[in-house]
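What follows is the residue order along each chain.
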Amino acid sequence: MGIQRVSSKWAKTAVLQRSRIVNEYIPVTRKYSRQTLERMTELFESNYIKPDRGTYGNGVMRVKTTRLYEPVVNSEDSTTDTEVSEETNDRNLPDEPEASAVTSRATYLTTTYQLQYGTEERSFHSLDELERALNDRIQEREYIIQQGISLMKHEDLPFDLRVLTQKNLQHNWETTGILGRVAAPGKIITNIHGGGRLATFEELVLPHLQQDGFKKLRTELYRLGIHTAVQLQTSFPRLKEIGIDIALDEAGRPWILEVNTLPGIYAFGLLPDKEAYRKIKRYAIAYGRLPSKKSKSSRPSPKAQASSAKKRVRR
């Protein structure tokens, strides 16, 4: 039986949401529709709209919502527009008495939606305009919409992490590596194919956390990789490897952005830890992702194949 691949982001998310442990790490994620677009832009300042099936960050869009309240203008004083920014997380929303005081006096509210695709940005002043622009790109394809996480930054550029978890030689799940990806300037995705660059986990995270915090996070991510794989395997029993895209918010809390069931392996070979890469390849050979050395050596070279073909023609 071959290695199972699952292309639908929504199918994987729905399975992961059934795990109490893993669900704590998943940002609010819904199937895209007009109704969910309206609700998510009400709840969160930033939202990502992604193709349900797709790779390398292709088709990913971001919507940022800004609301401006114009208070009543009294004859005794003059006022200006006051910007009220939304929280990026709907859990434990704090009370904001100052903002509440402004909104209680408000007579006029304007909402601006800023849509970014690649490095292109457009602004809209109504949900209808935004929806039309999104539908021009979405067309008839299935998309999801996900709560945006304000990413931790390295040298003022956002980054995320890729956690690789594989079946080991004992057929148990084992997290074998973590690497970092830094977004290119002006981009909303970190994918290497989209101009991002590779970095080590230590390079990106240690400047933000003390050594103890770094070790605790690393242990948490290694465990999360295993919990995620075990949960996915309940519905997709022939999985052998997963790559989890992890966002760290500005407080250092990890979030699962998505899970890839055909994760890139060779990027880990570009990192300094060659022993970890040898283990990754050893496991990948064992479960059939990579060809074994024996099968490589037993296979005739292209030159030998060509020579053999010529001899057969002469006969």
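As the structure is a computational prediction, the values presented were derived from the model and not from experiment.

Contact geometry of helix α1 (residues 9–16) with helix α7 (residues 211–233) gives a least axis separation of 9 Å together with a crossing angle of 105 degrees. It follows from the interaxial angle that α1 and α7 lie roughly perpendicular. Residues Lys-12, Val-15 and Leu-16 of α1 touch α7, and the partners they reach there are Thr-228, Gln-231 and Leu-232.

Scanning the model with the defined rule gives one cavity of 30 Å³ or more in all. Lining the largest cavity, in full, are Lys-9, Lys-12, Thr-13, Leu-16, Ile-26, Gln-146, Ile-256, Leu-257, Glu-258 and Val-259. Where the lining of the largest cavity is concerned, the elements lending two or more residues are α1 and β13 (254–260).

It is worth spelling out unusual backbone geometry at this point. Phi at Gln-139 takes a positive value of approximately 55 degrees, unusual for a residue other than glycine. Here Gln-139 is to be found in the loop between α5 (127–138) and β7 (143–147). Phi at Asp-156 is positive, roughly 70 degrees, even though this residue is not glycine.

In terms of burial, strand β9 (residues 157–167) is a largely internal element, nine of the 11 residues being buried. Alignment of strand β8 (residues 153–154) against β9, held across two bridges, turns out to be antiparallel. For His-154, the partnering residue across the bridge sits in β9 and is Leu-157. Once β8 ends, the chain turns through two residues before running back antiparallel as β9, passing Glu-155 with a positive phi of about 50 degrees. As paired strands, β9 and strand β10 (residues 173–182) are joined by nine bridges and run antiparallel to one another.

Before going further, it helps to examine the pairing of strand β2 (residues 46–51). Counting buried residues in β2 gives six out of six residues, a clear majority hidden from the surface. Along β2, one buried face is formed by Ser-46, Tyr-48 and Lys-50 and the opposite face, lined by Asn-47, Ile-49 and Pro-51, is buried too. Of the pairings in the sheet, the one linking β2 to β7 comprises five bridges and is antiparallel in character. Within β7, the residue paired with Tyr-48 across the bridge is Gln-146.

With that settled, the discussion passes to the confidence of the model for the chain. Detail in the predicted coordinates should be disregarded across regions flagged by low pLDDT. Residues of the chain with pLDDT of at least 70 account for 79%, and the chain-wide mean is 85. When mean pLDDT is compared element by element in the chain, α1 scores highest at 98, while strand β4 (residues 82–84) scores lowest at 40. Predicted confidence for residues 77–103 stays below pLDDT 50, and this span has 47 contacts to residues more than four positions away or in other chains. The low-confidence segment residues 309–315, where pLDDT is below 50, has zero contacts with residues more than four positions distant or belonging to other chains.

In this model, α5 (12 residues) spans 16 Å end to end at C-alpha, consistent with the 16 Å of a helix rising 1.5 Å per residue. What α5 keeps buried is the set Leu-127, Leu-130, Glu-131, Ala-133, Leu-134 and Ile-138. The buried residues of α5 all sit within an arc of 165 degrees when viewed along its axis, so they share a single face. Summarising the geometry of α5, the exposed residues directed more than 90 degrees from the buried face are Arg-132 and Asp-136. Gln-139 occupies a position one or two residues after α5 and carries a positive phi of about 55 degrees.

Now for the pattern of salt bridges. If you walk through the whole model with that rule in mind, you get 15 salt bridges. A salt bridge links Lys-50 to Glu-258, with the shortest nitrogen-to-oxygen separation between them at 3.5 Å. Taken together, the residues span a long stretch of sequence, with Lys-50 in strand β2 and Glu-258 in strand β13 at a distance of 208 residues. With relative accessibility at 23%, the residue Glu-258 sits in the partly exposed group. Across the pair Glu-142 and Arg-53 runs a salt bridge, and its minimum N-O distance is 4.0 Å. Here Glu-142, found in the loop between α5 and β7, pairs with Arg-53, found in the loop between β2 and β3 (61–71); they are 89 residues apart in sequence, far enough to count as distant. Here Glu-142 matches Arg-53 in class, with each residue exposed. Here the salt bridges do not stand alone but share partners, grouping Asp-160, Arg-162, Arg-181 and Asp-245 into one network.

Any two packed helices are characterised by the angle at which their axes cross and by the distance between the axes. Interhelical geometry of helix α3 (residues 34–43) versus α5 gives an angle of 125 degrees and a closest axis separation of 11 Å. By the angle class used here, α3 and α5 are oblique. The handedness of the crossing between α3 and α5 is right-handed. In this structure, α3 contributes Arg-34, Leu-37, Glu-38 and Thr-41 to the contact, and α5 contributes Leu-127, Asp-128, Leu-130, Glu-131 and Leu-134. Here the residues of the contact of α3 with α5 are counted per class, giving four nonpolar, one polar and four charged.

Criteria and cut-off values
Residues numbered from 1 in each chain as written. Predicted model: local features only at pLDDT ≥ 70, side-chain atom pairs only at ≥ 80, totals over all residues. Heavy atoms only, no water. Axes fitted to C-alpha atoms, helices over the stretch in contact; angles between N-to-C directions. Helix = DSSP H or I, 4+ residues; strand = E, 2+ residues; numbered from the N terminus. Parallel < 35°, antiparallel > 145°, perpendicular 65-115°, else oblique. Contact = heavy atoms within 4.5 Å. 1 Å grid on protein atoms, 1.4 Å probe; cavity = no way out; pocket = protein on both sides within 12 Å on 5 of 7 lines; lining within 4 Å. Points joined across faces, edges and corners; volume = space filled by probe spheres on them. Buried < 20%, exposed > 50% of the residue type's maximum accessible area, 1.4 Å probe, protein only. Pairing = 2+ DSSP bridges. pLDDT = per-residue confidence, 0-100. Expected span 1.5 Å × (residues − 1). Arc of directions from axis to C-beta. Salt bridge = Lys/Arg side-chain N within 4 Å of Asp/Glu carboxyl O. Left-handed = near helix turned anticlockwise from the far one by under 90°. Nonpolar A, V, L, I, M, F, W, Y, C, P; charged D, E, K, R; others polar.

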